[in-house]
Amino acid sequence: MGIFGSSSAADRKKMVFLLLWLISGIGMVIVGIMAVINREKAIGAISGFLGVCALITGVITLILRISQVKRLGKRNIGFDIVIWLALGFLLLNTGLLNKLGKLVFIIGGITLICEGVRAFAACQRNKDEKEWYIPRMIFSGVFVVLGIIVVVNAEKIFTHLIPLAVGIYFIIHGTELLYEWIGRAKHFYYFRGTE
């Protein structure tokens, strides 16, 4: 008869739920690894694929969360779903994504430059502290140079960094899903038909 035939309707629903959870976790880890491996490609080459995966993840997470809300009575759906849907939207709109990413890195680079200038000014005000003068000068110089590099190469850095960051995010979230799945699968196995 098979495992489905000998199970109650409630157990069958839980099995489908667990199967969906398992596929989501494995799929996310695989997609994350693919993004990390292909991180040297321009964002346009893999962003569409990652965007679709992010949207699917958001929808699946929403379905799983609604199921949890119904079964456990929780009212909080979760902010992570908004993050996944927003990430999917941005990855599918590479023009907007590149502009926002470039802007973020330019702001970050300017912040580094300002911090370096501030450290240099503080160094000049405290010349009497001989033991700290040279380290502070080096620190301020490194920050200014690093900031200039980031500002000048903001778009290039972003387009190569975002697939790596998204890939790592997918791997972490997928691993978390698989860890939760193990606990739920064990619970289902031991308490099947008793709830």
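Residues numbered from 1 in each chain as written. Predicted model: local features only at pLDDT ≥ 70, side-chain atom pairs only at ≥ 80, totals over all residues. Heavy atoms only, no water.

A. Just the overall build of the protein chain, in detail. The secondary structure content of the protein chain amounts to 7 helices and 0 strands. Element order for the protein chain, N to C, with α for helix and β for strand: α-α-α-α-α-α-α. Across the protein chain, every contact between residues at least 6 apart in sequence was considered, and the portion connecting residues at least 24 apart equals 75%. Total accessible area on the protein chain stands at roughly 12200 Å², and carbon and sulfur atoms take up 72% of it. (Helix = DSSP H or I, 4+ residues; strand = E, 2+ residues; numbered from the N terminus. Contact = heavy atoms within 4.5 Å. Areas by Shrake-Rupley, 256 points an atom, 1.4 Å probe, with all protein chains shown as cover.)

B. Summary view of the nonpolar core. Counting residues in each nonpolar core, the largest one holds 19 residues, and the members touching the most others are Leu50, Trp84, Leu87, Leu91, Val166 and Phe170. When residues of this core are traced back to their parent elements, those giving at least two are α2 (9-37), α3 (43-72), α4 (80-92) and α7 (154-191). Not counting residues within four places of it along the chain, the set of residues in contact with Leu50 comprises Val31, Ala35, Leu91, Val166 and Phe170. (Core = buried A, V, L, I, M, F, W, Y, C linked by side-chain atoms within 4.5 Å. Buried < 20%, exposed > 50% of the residue type's maximum accessible area, 1.4 Å probe, protein only.)

C. Representation of a nonpolar patch on the surface within the structure. Taken together, Ile26, Ile30, Met34 and Phe49 make up a surface patch of nonpolar side chains, about 350 Å² in accessible area. Judged by relative accessible area, Met34 falls into the partly exposed class, the value being 39%. (Patch = residues over 30% accessible without salt bridge, like charges linked within 9 Å, V, L, I, M, F, W, Y side chains within 5 Å. Salt bridge = Lys/Arg side-chain N within 4 Å of Asp/Glu carboxyl O.)

D. Spotlight on the packing of α4 against helix α5 (residues 94-125). Where α4 contacts α5, the axes come no closer than 5 Å and their chain directions differ by 105°. By the angle between their directions, the pair α4 and α5 is classed as roughly perpendicular. Across the interface between the two elements, Phe89, Leu90, Leu91 and Leu92 of α4 pack against Thr94, Leu96, Leu97 and Leu100 of α5. For the contact of α4 with α5, the residue count by class is 7 nonpolar, 1 polar and no charged. (Axes fitted to C-alpha atoms, helices over the stretch in contact; angles between N-to-C directions. Parallel < 35°, antiparallel > 145°, perpendicular 65-115°, else oblique. Nonpolar A, V, L, I, M, F, W, Y, C, P; charged D, E, K, R; others polar.)

E. Structural detail: the packing of aromatic side chains. On inspection of all chains with the given rule, the structure shows 1 aromatic pair. Summarising the aromatic geometry, the rings of Phe139 and Phe143 are spaced 4.4 Å apart at their centres and angled 40° between planes, so their arrangement reads as tilted. One end of the pair, Phe139, and the other, Phe143, are both in helix α6 (residues 130-152), 4 residues apart, so they sit about a helical turn from each other. (Phe/Tyr/Trp six-rings, centres within 6.5 Å; stacked < 30°, edge-to-face > 60°.)

F. The arrangement of the pattern of salt bridges in detail. Taken as a whole, this structure holds 1 salt bridge when the rule is applied. Between Arg118 and Glu115 there is a salt bridge; the shortest N-O distance is 2.7 Å. With a gap of 3 residues between them, Arg118 and Glu115 both fall in helix α5, about one helical turn apart. With relative accessibility at 48%, the residue Arg118 sits in the partly exposed group.

G. Region of interest: the packing of α5 against α6. Between α5 and α6, the least distance of the axes is 7 Å, while the angle of their chain directions is 160°. Considering their axes alone, α5 and α6 lie roughly antiparallel with respect to each other. Of the two possible hands of crossing, α5 and α6 adopt the one that is left-handed. Looking at the contact of α5 with α6 residue by residue, the classes come out as 18 nonpolar, 5 polar and 2 charged. (Left-handed = near helix turned anticlockwise from the far one by under 90°.)

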